[in-house]
Amino acid sequence: MTIGAIIVAAGSGERLGAGRSKALVDLHGRPIVDWSLSTFADHPGVEVIVVVAPSDAVDELTAGAAGRALVVPGGATRQDSVQAGLSALPAQVSHVLVHDAARPLVPPEVISSVIAALHAGLDAVIPVLPVIDTIKRVDANGVVQATVDRASLRTVQTPQGFRRDVLVAAHRCGHERERSTITDDAGLVEAIGRVVQTVPGSELAFKITTPHDLQLAYRLAGPWAYGAEPTQPRTGGLS
Ligand code: CTP
Ligand code: MG
């Protein structure tokens, strides 16, 4: 088994509104993408890394990767960017981890859990957390229609791990059918009828989407940036 990681960093970061690509925004002196690149590069289970960059930042990120990753240009959608990463992976890669650069503080333990499940023979593995808020379904006027039972609901994180041939088949199918409502790779794999297994995620693997999320990452990563251990928030405890 040879594991390759694809770190998708080619989004524009509109909701963050930083005026530049989200993956290049500074987090304690390093671009956001560099945080997860280091975590994957230091992980003994990961053998090759591809960073998918905004097309105007390929040179900058290639310099920043300093030999730790191949850097290729991304596409208009996240799905296009994952496909660009998949095409760039060397032939010997049998299993793929797809990770959002926008989740810079993902702990190595989450990567290890996903890899362990792939080693156990699973085709598709995703880290998840239980839903802790009360969830309501509302109509177009904001009137509550129902309170949803959250016991079986999970929020989904990355890295998502796959057998390479399964992910390639799922993307081919997704491309043909224009599955625009599917926002993650596991969704494409579900759509071709394959089993997707969950493993416990971590609150540290949250995605930076809004300015509030960037503030949170800045505060959580502060001690880390200066050599201390990060405080470990709640983990999933579910699978
Ligand atoms: N991504 C990508 N290529 C795209 C769109 C997204 O590589 N065409 C990546 C982003 O860089 C990010 C991850 O997919 O690491 C998750 O996407 P999201 O959080 O939506 O990031 P953005 O698309 O950059 O943000 P926004 O939707 O607010 O513009
Ligand atoms: Mg987006």
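Everything below is about the structure shown above.
Residues numbered from 1 in each chain as written. Chains lettered and ligands numbered in written order. Predicted model: local features only at pLDDT ≥ 70, side-chain atom pairs only at ≥ 80, totals over all residues. Heavy atoms only, no water.

1. Digging into the environment of G174
Position of G174 among the secondary structure elements: in helix α5 (residues 164–177). Overall, G174 belongs to the buried group, its relative accessible area being 1%. Residues G174 and V189, spaced 15 residues apart in sequence, show a C-alpha to C-alpha distance of 8.9 Å. (Helix = DSSP H or I, 4+ residues; strand = E, 2+ residues; numbered from the N terminus. Buried < 20%, exposed > 50% of the residue type's maximum accessible area, 1.4 Å probe, protein only.)

2. Describing the nonpolar core
Within the largest apolar cluster, 31 residues are counted, with the highest numbers of intra-cluster contacts made by I7, V33, F40, V46, I49, V51 and L97. Elements that contribute at least two residues to this core include exactly β1 (3–8), α1 (32–42), β4 (48–53), α2 (58–65) and α4 (108–119). Among the elements that take part in this core, α4 stands out by supplying 6 residues, more than any other. What V33 contacts, discounting residues up to four positions off in sequence, is I7, A9, A23, V51, L61 and A101. (Core = buried A, V, L, I, M, F, W, Y, C linked by side-chain atoms within 4.5 Å. Contact = heavy atoms within 4.5 Å.)

3. Quick look at the pattern of salt bridges
Applying the stated criterion across every chain, the model contains 9 salt bridges. When the shortest N-O distance is used, the salt bridge between D34 and R30 registers 2.8 Å. According to the relative accessible area criterion, D34 is buried, its value standing at 14%. D185 is paired through a salt bridge with R78; the nearest N and O atoms lie 2.9 Å apart. With a gap of 107 residues between them, D185 in helix α6 (residues 185–191) and R78 in helix α3 (residues 78–88) connect regions that are remote in the sequence. The class for D185 is buried, based on a relative accessible area of 1%. (Salt bridge = Lys/Arg side-chain N within 4 Å of Asp/Glu carboxyl O.)

4. Quick word on α2
Residues of α2 that are buried include every one of V58, L61 and A65, and no others. One side of α2 holds all its buried residues, which, seen down the axis, span an arc of 70 degrees. Looking at α2, the residues exposed on the side facing more than 90 degrees away from the buried face are D59 and A63. Here the buried face of α2 lies against α1, β4 and β5 (70–73). Positive backbone phi, at 45 degrees, marks A66, one or two positions downstream of α2. (Arc of directions from axis to C-beta.)

5. Overview of the site of ligand 1
Around ligand 1, 18 residues are found, and the nearest of them are V8, G13, E14, S81 and K207. Between an oxygen atom of ligand 1 and a side-chain N or O atom of R15, the distance comes to 2.9 Å. One nitrogen or oxygen atom from the main chain of A76 is found 3.2 Å from a nitrogen atom belonging to ligand 1. In terms of residue class, the shell around ligand 1 is built from 6 nonpolar, 6 polar and 6 charged. (Near = heavy atom within 4 Å. Polar contact = N/O pair within 3.5 Å; in protein donor to acceptor, adjacent residues only side chain to side chain. Nonpolar A, V, L, I, M, F, W, Y, C, P; charged D, E, K, R; others polar.)

6. Some remarks on the side chain of D123
For D123, the position within the fold is in the loop between α4 and β7 (124–130). Note on D123: relative accessible area 17%, which makes it buried. Polar side-chain contacts of D123 include one of 3.0 Å to the side chain of R194. If near-sequence neighbours (up to four positions away) are discounted, D123 is found in contact with G161, F162, R163, V166 and R194.

7. Details of helix α7 (residues 211–225)
Taking 1.5 Å per residue, 15 residues should reach 21 Å; α7 reaches 20 Å between its end C-alpha atoms and fits that length. A bend of about 25 degrees at R219 is the largest found in α7, and the proline P223 appears one to four places after it. Among the residues of α7, those classed as buried are D213, L214, A217, A221 and G222. In the core, the buried residues of α7 are packed alongside β2 (26–27) and α1. (Expected span 1.5 Å × (residues − 1). Bend = angle between axes of the 7 residues up to and from the residue.)

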